[in-house]
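# Chains, contacts and geometry: an overview
Take a look at the letters that make up each chain.
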Amino acid sequence: TDTYRAHNFSAGPAALPTEVLEQARDEMLNWQDRGLSVMEISHRNPAYMAVAKEAEQDLRDLLSIPDNYRVIFMSGGATSQFAMVPLNLLGNGGRADYVDTGHWSLKAIREGGRFGEVNVVCSSEEQSYTTIPDRSEWKLDPEAAYVHYTPNETIGGLEFMDIPDVGDVPLVADMSSTILSRSLDVSKYGVIYAGAQKNIGQAGITVVIIRDDLLGKAADACPTLWNYQQVADNDSMLNTPPTFALYICGLVFKWLKRQGGVEAMEKINKRKAEKLYKAIDSSDFYSNPIDPRYRSWMNVPFRLKSDDFNAEFLQEAEKAGLLNLKGHRAVGGMRASIYNAVSEDSVDALISFMAEFERKHD
Ligand code: PLP
């Protein structure tokens, strides 16, 4: 494309592949030669139902989702899942275990506690969430309805490199900022959910992957629209779904397939993260506080030698076409989110810019 596209390090809503946006643009007024856009037709129209079906199948292919898992698309973002998970899995009174590794874990814990008994089995709060508590320290309840954790803390930049073994208790994961970034053994999970606006597509739609034996356990008070079983049995079309958002997800899944799937992305993402952390570690000007064993591949927070340089760093970066590097207010400093749609070229451009900025200011 000849259109200017910045290097976009936004944490979310995040960069989308240029090819996907171009396709959406080209199809906007006249989709499938129908003389209308995909957002202007009924979700019951067979042409749209085919879009939804294909998106689900492509996601199933990308993650090798086993047949005993249902895939549903829901509205409301990942935050609504913080309530839906307990409402669907705790029945009319039950307890659940939660792992606390930072900002998003805590949000899930606080919301979950409104719907059932929530037990925090471990926390790295005392380490300012720079590490993950050793699995041997987790005080798991074998009778818990599920164990909830956050495989990648988007704000802290802390990521699990392995799937924790929690025995027979269903494992529930908020994969909003890591899904599709590396290969994944779905069969190890009870429920996986992910807001779309980082690695999947457009904000407002959320993917839920649920093992079918966990359906049908919802509390009586669970709203119909939030009932996984009802949504699954109605192909995620219990009411009008966010049709355009799902269409965009479908385009991203096709793009991922063209890139060689999740295995290919994993190689690229590993390289991107390694070179950025290496640049940070090999300088005295930049630093990252996270335990090197658990540094996120997707979100790389870093600080400059002094916060006095922050404003100038951001200003200069913007001039160089490097956008959205400001860290979350809870952490400060900078954060580069390097999701699937952020190319290795963008990471290289950031590394060069950082080196140049250091040379001028150190
Ligand atoms: N969970 C994680 C790990 C996130 O990074 C986010 C980011 O926004 C959320 C949940 C909240 O998602 P949403 O804003 O779609 O509700």
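Sequence order as written defines the numbering, with residues in each chain counted from 1. Since the coordinates come from a predicted model, pLDDT governs what is reported: local features require at least 70, and pairs of side-chain atoms require 80 or more to be given and counted, while whole-chain, interface and lining totals use all residues.

### Examining the site of the ligand
- Near, for a residue, is defined by distance from a backbone-placed C-beta atom to a molecule or strand, with 6 Å as the limit that must not be exceeded. Inspection of the region around the ligand gives Gly12, Gly77, Ala78, Thr79, Trp104, Thr150, Thr154, Asp174, Ser176, Ser177 and Gly195 as its neighbouring residues.
- Top contributing element to the shell around the ligand by residue count: helix 3 (residues 77–89), with 3 residues.
- Residues that form the shell around the ligand fall into these classes: 2 nonpolar, 8 polar and 1 charged. Per the convention used, a helix needs a DSSP run of H or I reaching at least four residues, while a strand needs a run of E reaching at least two, with both numbered from the N terminus. Basically, the charged four are Asp, Glu, Lys and Arg, the nonpolar ten are Ala, Val, Leu, Ile, Met, Phe, Trp, Tyr, Cys and Pro, and anything else, Gly included, counts as polar.

### Here's the deal with the environment of Ala14
- Tracing the chain through its elements places Ala14 in the loop between strand 1 (7–8) and helix 1 (18–27).
- Our exposure labels follow a C-beta count within 10 Å of each residue's own C-beta, placed from the backbone: buried means 20 or more other C-beta atoms, exposed means 12 or fewer, and partly exposed covers the counts in between. According to the C-beta neighbour criterion, Ala14 is buried, with 25 such atoms within 10 Å.
- Separated by 263 residues in sequence, Ala14 and Tyr277 have C-alpha atoms that sit 20 Å apart.

### Notes on unusual backbone geometry
- Going from Gly12 to Pro13, the amide bond is cis rather than trans, its omega being -10 degrees.
- Here Pro13 is to be found in the loop between strand 1 and helix 1.
- With phi around 45 degrees, Ser64 is a residue other than glycine that occupies positive phi space.
- Positive phi outside glycine occurs at Leu180, with the angle close to 70 degrees.

### Quick word on the UniProt feature "modified residue: N6-(pyridoxal phosphate)lysine" (unreviewed entry) in the protein
- UniProt positions are given in the numbering used here, feature names are shortened, and annotations may be inferred rather than shown by experiment. Mapped onto the present numbering, the UniProt feature "modified residue: N6-(pyridoxal phosphate)lysine" (unreviewed entry) falls on Lys198.
- On the secondary structure map, Lys198 appears in the loop between strand 9 (191–195) and strand 10 (205–211).
- By C-beta crowding, Lys198 is classed as buried, having 30 other C-beta atoms within 10 Å.
- In this view, Lys198 contacts Gly12, Ala14, Ser176, Ser177 and Tyr339; residues no more than four positions away in its chain are not counted. By the criterion used throughout, residues are in contact when their C-beta atoms, derived from the backbone, lie within 7 Å.

### As for helix 9 (residues 344–361)
- By definition here, a helix of n residues has an expected span of 1.5 Å times n minus one. For helix 9, spanning 18 residues, the distance from its first C-alpha to its last is 26 Å, which sits close to the expected 26 Å at 1.5 Å a residue.
- Close packing links the buried residues of helix 9 with strand 1, helix 7 (261–281), strand 11 (286–287), strand 13 (322–323) and strand 14 (334–337).

### Topic: the UniProt feature "binding site: L-glutamate" (unreviewed entry) in the protein
- Those residues carrying the UniProt feature "binding site: L-glutamate" (unreviewed entry) are Arg44 in this numbering.
- Structurally, Arg44 can be placed in the loop between helix 1 and helix 2 (46–63).
- You can call Arg44 exposed: it has 9 C-beta atoms within 10 Å.

### Side note on the domain arrangement of the protein
- Each assigned domain of the protein is listed with its residue range as follows: domain 1 (27–258) and domain 2 (261–361).
- Spacing between the C-alpha centres of domain 1 and domain 2 amounts to 27 Å.
- Between domain 1 and domain 2, the residue contacts involve 25 residues of the former and 24 residues of the latter.
- Of all elements in the fold, only helix 2, strand 7 (158–159) and helix 6 (243–259) reach the threshold of two or more residues within the side of domain 1 that touches domain 2.
- Per-class residue counts for the side of domain 1 that touches domain 2 are 9 nonpolar, 12 polar and 4 charged. Here the limits of each domain have been adopted from an automatic or database domain assignment.

### Section: the confidence of the model for the protein
- Overall, the prediction assigns the protein a mean pLDDT of 97, with 100% of residues at 70 or greater.
- As scored by the predictor, the complex reaches a pTM of 0.98 and an ipTM of 0.99. pLDDT is a residue-level measure of predictor confidence that goes from 0 to 100.

### Topic: the packing of helix 1 against helix 6
- Where helix 1 contacts helix 6, the axes come no closer than 9 Å and their chain directions differ by 135 degrees. Between helix 1 and helix 6, the interaxial angle falls into the category oblique. You can see that helix 1 and helix 6 cross each other, and the crossing is right-handed. Note on element contacts: helix 6 touches helix 1 through Ile248, Leu251, Val252 and Trp255, opposite Glu19, Val20, Gln23 and Ala24.
- In the contact of helix 1 with helix 6, the residues fall into 6 nonpolar, 1 polar and 1 charged. Each axis is a line fitted through C-alpha atoms, taken for helices only over the stretch in contact, and angles between the N-to-C directions span 0 to 180 degrees. In what follows, roughly perpendicular refers to angles from 65 to 115 degrees, roughly parallel to angles under 35, roughly antiparallel to angles over 145, and oblique to any angle outside these ranges. We call a crossing left-handed when the near helix sits turned anticlockwise from the far one by less than a right angle, and right-handed when that turn is clockwise.

### Some words on the environment of Pro151
- Tracing the backbone shows Pro151 in the loop between strand 5 (147–149) and strand 6 (152–153).
- Judged by the 27 C-beta atoms lying within 10 Å of it, Pro151 is buried.
- Separated by 21 residues in the primary sequence, Pro151 and Val172 have C-alpha atoms spaced 9.8 Å apart.
- If near-sequence neighbours (up to four positions away) are discounted, Pro151 is found in contact with Glu159, Phe160, Ala173, Met175 and Thr178.

### Comments concerning helix 3
- Look at helix 3: 19 Å from first C-alpha to last across 13 residues, which is about the 18 Å you get at 1.5 Å a residue.
- Throughout, bend refers to the angle between the axes fitted to the seven residues that end at a position and the seven residues that start at it. Along helix 3, the sharpest change in direction is near 30 degrees and occurs at Ala83; proline Pro86 comes one to four residues later.
- Of the positions making up helix 3, those classed as buried are Ala78, Gln81, Phe82, Met84, Val85, Pro86, Leu87, Asn88 and Leu89.
- Where helix 3 ends, the next residue or the one after it, Gly91, has phi of about 60 degrees, a positive value.

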